[in-house]
Structures are given as C-alpha cells and as structure tokens.
Amino acid sequence: MAKLQLLLLLFLFSFAAAPSMTGVVGINLGGIIRRLFRKRPFKPKPDLPNRNAPSSPLHPNNAPSTDVQTLLYSGDYTFLMELAIGTPPLSYSAIMSTGSDLIWTRYVPCHYCASQPTSLYDPSQSSTYANYSCDPSAADCSYYYGYGDGSFTQGLLGFETFTFGSAVVPDIAFGCGNNNSGNFDNSSGIVGMGRGSWSLVSQLGYGRFSYCLTPFGDTNTSRLLLGDMVTLTAQAQSTPFVPNPPSWPSFYYLSLQGITVGGTELPIPSTTFSIAADGTGGMIIDSSTTLTMLVDPAYSELKGAFESQINLPVADGSAYGLDICFAYGGENVTVPGLVFHFEGADMELPLDNYIAADSSVGLLCVVVVASSDLSIFGNYMQQNMHVLYDLVGETLSFEAAQCDQL
C-alpha cells in the first residue's frame, strides 16, 4: 500500500468554535483504494461446535499470570498483530478482528491457500499440538467460518500453544485452515477478538483489552494490550455497549445517537441505529472493517451535508468504491468537521480519519459508505485513537493518542 501523505495540515480547530477546517489529507487513491475501500465487513457465518455443550472439551481459564501485549501494525486495509504458534514457536502475523471470534491460520497440508510471507503452520512439527474432538466418537473436528465479504476458512479444529510477546499461553482452541478463500491482507489468518467463546478474549478470560491503531501506511508499530495494564487518561470518554441480539452474540454494539457535520446536527430519526426485534440493524465497532458504514437515512443525510458544505463540484468516485466525492486539484479546501454522538460521549474526528484526497486522480472523498443493514464504525476512523474495551463494566472508552508512542 502506498503511504498516506499529509498535505497542508497546519491548522488548529475546535468543533465547537470552528466547525470547519482548512486543509486536506492526501492519499494515493489510484491503485490502492480498490483494495482498501471495497473490503466488506467481517460478518461471520460460522459452523462451529458449541464450546459450552456437554460434549465439548472443557477448558480452564487460559490467562497467563501476567498481562499480555503484542505489536500491531497497519496492513493494506486491516491491522495485523504479531504472534507465534506451536513448540518450537514460529512467528506469524494475523488480522486482529473485534468483529469475529475464531482464531485460525493456514496449515500443512493445504488444499487451497493463498501465499503468505511466512511458511504454513505444520502441526506435525509442533510438540504441543492436539486435536479438538467434537464428540468422543470423532478423532477430529471440522469447521467452516465465513465472512461478510465472501471470504471463508475451512479445516480442522485443534489446540496449540500461542505466544504473544513474552507471554506463552497453552491450549488455545483454534482453526487449522486447509481450504481458505479471500484476501486476508497478506497475513497468515485472523485472531478473533469478539464476544463469542472461541475468541482470544474469551479464552484468556481477561476483562479488558485495548488497541491503538497507527495511520495506514505508517511503518511504526503500536500495541494490543490485554489485562490490568490497560488504562486511559482522565481525558478519555466512555460509552456503554448495547446488549447483543441472540442472533449476533459476537459483536460489540454501540449506541450512536446522532451525527454532526460542520456544526449542524443531522436530522436522523432516533431509531436509525437501533437493533430491530429480528436482530438486524444497530451499530458495531470493528477493528477489521476498513470503512465506516451507515444505513439510511443517516448515510443520505451525511452525504447531503458534505455536498452542501464543501465548496467543490461533486464528482464520481464509484471507480474507487466511494460515493461522497468532489473534484479536487490540490487547492486548499475548507472541510466541515465531523462528530459522532454516542451515548455519553462525543467523538470529534480528526480530518485524516474521514477524508481522503488525491490531486493526481482529481478527487477528494469522504471515507464513509452506505450499508443496507448493519452500521459499522470501521478502523479508518480509529487511526491514532486509543480504544479500550471493558467487558466487565460493559463500556467502550476512547481518546486521541500518538499510537506509536504508547
């Protein structure tokens, strides 16, 4: 992925006093945005055994005696975490996904596996691998796990020792994928951080974790933290999680109550981001979905507000998967501020978390897209933001941060 290049960003602003800002963020739209901005959200469609069923193997709390931390860095459209699998440990990178549960990697023998920068995991070469048995009559247990963009992984379930930084954790249940389809950002697999029983968070049993995402294209690293070491400053804001519908137990739902563009709150009905009786709708936060996605009428109102407040001709950005775009030749532009009003917390977004501009292709775009069902707060808006998930207090907390310096 080409580097994000910040252009003309010498400005001070406060959304209360100055709801617009001058300057733009530059990004090479040509060549990368087709990958970056067309990735659909990880909306899992699992076929996994119930780990809480009597026939499933019982697992003790796997949390190590110390807190866990490991490095994070940006890929093309997701954020990758460093880990090691097996004994002896072999290093891998995997997508960190708060929108799914399963931990999985490609393994030998693999019938259909895309290339990756490291060798495939080979359970026969690890002294700590063990099969996961679905029931006493089965020697092994197969799985299928699909995602909302059509990607999927299929294979066998097992147990293995995982290493995160200096923490060695035995008996992690995970998937060995030997039939995988989709673009997984040049990683070896995915580490699910959702609410379900198969996720890393649930298996370790920690009550809190946090991450801080460096900007896309930045070569610096940040950290994923799990355990008591996770803290924010007094300036952080918090918003409660919304209870999950039974049909989607893995997601982290938020209560988005309104959106302000350029000092004007949009006329969005209060039920726009509510979860319907059938479990559809609502808004989640996901570290593995790139773009923020909004259902109507919120998206239409947002689009209309930007088109009325940005003094540039409207342009067609459909070739790059974006709909709120303007003709741009590199000039200084006044761009309205953007605030998401969550229950109990107002998130004032930096310009480079929602605007992408590239004068070489003549476009300036708002990096938000429409959704037909589920609204998602994506990772592009979470850049340089320290985000804490408190699973005991049932809250999400956040604050602006220089992620590579935490």
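As a reminder, the structure under discussion sits directly above these lines.
Throughout, a residue's number is its position along its own chain's written sequence, starting from 1. This being a predicted model, a pLDDT of at least 70 is required before a residue's local features are given, and a value of 80 or more before pairs of side-chain atoms are given or counted; all residues contribute to the totals for chains, interfaces and linings. The basis for every side-chain value is the complete set of non-hydrogen atoms in the structure, without hydrogens or water.

Colleague: Just to check I follow, could you spell out the state of the cysteines for this structure?
Modeller: Each disulfide consists of a covalent bond between the sulfur atoms of two cysteine residues. Two cysteine sulfurs form a disulfide in these notes if their separation is within 2.5 Å. Applying the stated criterion across every chain yields a total of four disulfides. At a sulfur-sulfur separation of 1.5 Å, the disulfide partner of Cys110 is Cys113. Its S-S torsion of about 75° marks the bond between Cys110 and Cys113 as right-handed, since a negative value means left-handed. According to the relative accessible area criterion, Cys110 is partly exposed, its value standing at 24%. Burial classification: accessible surface area is computed with a 1.4 Å probe over protein chains only, and a residue below 20% of its type maximum counts as buried, one above 50% as exposed, and the rest as partly exposed.

Colleague: Help me understand the pattern of salt bridges in this model?
Modeller: When a carboxyl oxygen of Asp or Glu is within 4 Å of a side-chain nitrogen of Lys or Arg, the pair counts as a salt bridge. Inspection of the entire model under this criterion finds three salt bridges. Its salt-bridge partner being Arg195, residue Glu394 comes within 2.8 Å of it at the nearest N-O pair. Taken together, the positions of Glu394 in the loop between strand E31 (385–390) and strand E32 (395–400) and Arg195 in the loop between strand E13 (189–192) and helix H2 (200–204) put the pair 199 residues apart, joining distant regions of the chain. Among the residues examined, Glu394 registers a relative accessible area of 32% and is labelled partly exposed. Here Asp323 makes a salt bridge to Lys303, at a shortest N to O gap of 2.9 Å. With Asp323 in the loop between strand E22 (314–315) and strand E23 (325–327) and Lys303 in helix H3 (residues 298–309), this residue pair connects regions lying 20 residues apart in the sequence. The partly exposed category is assigned to Asp323, whose relative accessible area is 35%. Secondary structure elements follow DSSP: runs of H or I of four or more residues count as helices, runs of E of two or more count as strands, with numbering from the N terminus.

Colleague: I keep staring at unusual backbone geometry and nothing clicks. Help me out?
Modeller: Excluding glycine, most residues fall at negative phi; most peptide bonds, likewise, are trans. Backbone torsion omega between Thr87 and Pro88 reads 5°, so that peptide bond is classified as cis. As for its position among the elements, Pro88 is in the loop between strand E6 (79–85) and strand E7 (90–97). Between Asp296 and Pro297 the backbone carries a cis peptide bond, its omega angle lying at 5°. Positive phi, normally seen in glycine, also occurs at Asp171, with a value near 60°. Here Asp171 shows up in strand E12 (residues 167–181). The class of Asp171 is partly exposed, set by a relative accessible area of 40%.

Colleague: Quick question: what am I supposed to make of the packing of aromatic side chains here?
Modeller: Given two aromatic rings, one states the distance between the centres and the angle between the planes to describe the pair. Only Phe, Tyr and Trp rings take part, Trp by its six-membered ring, and two of them pair if their centres are within 6.5 Å. Stacked means planes under 30 degrees apart, edge-to-face means over 60, and tilted covers everything else. According to the stated counting rule, one finds 25 aromatic pairs in the structure shown. Positioned above the aromatic ring of Phe241 is the side chain of Arg195, whose terminal nitrogen or guanidinium carbon lies 5.0 Å from the ring centre. Placement of a charge over a ring requires the Lys NZ or Arg CZ to be within 6 Å of the ring centre, with the centre-to-atom vector within 35 degrees of the ring normal.

Colleague: Help me out: how do you make sense of the side chain of Asn178 in this one?
Modeller: Mapped onto the fold, Asn178 is located in strand E12. Judged by its relative accessible area of 13%, Asn178 falls in the buried class. Contact criterion: two residues are considered in contact whenever any of their non-hydrogen atoms come within 4.5 Å of each other. Among all residues touching Asn178, those that are not within four sequence positions of it are Tyr107, Pro109, Cys110, His111, Tyr112, Cys113, Gln154 and Gly155.

Colleague: What is the right way to look at the environment of Glu394 in this model?
Modeller: In this structure, the C-alpha to C-alpha distance between Glu394 and Tyr252, residues 142 residues apart in sequence, is 9.6 Å. The residues touching Glu394, leaving out its near neighbours within four places in the chain, are Arg195, Pro240 and Phe241.

Colleague: What am I meant to see in H3 here?
Modeller: Multiplying 1.5 Å by the residue count of a helix minus one yields the expected span of that helix. End to end, H3 covers 17 Å across 12 residues, agreeing with the expected 16 Å (1.5 Å per residue, within 8%). For H3, the set of buried residues is Ala298, Tyr299, Leu302, Ala305 and Phe306. One side of H3 carries all its buried residues, which in axial view fall inside an arc of 130°. Taken from the helix axis, the directions to the C-beta atoms give the arc we talk about.

Colleague: Teacher, can you tell me more about the pairing of strand E5 (residues 68–74) here?
Modeller: Regular strands have side chains that alternate between both faces of the sheet. Here five bridges tie E5 to strand E15 (residues 222–226), and the two strands are oriented antiparallel to one another. Looking across to E15, one finds that Leu72 is bridged to Ser222. Strand pairing follows a simple DSSP-based rule, namely that at least 2 bridges must link the two strands. Once E5 ends, the chain turns through four residues before running back antiparallel as E6.

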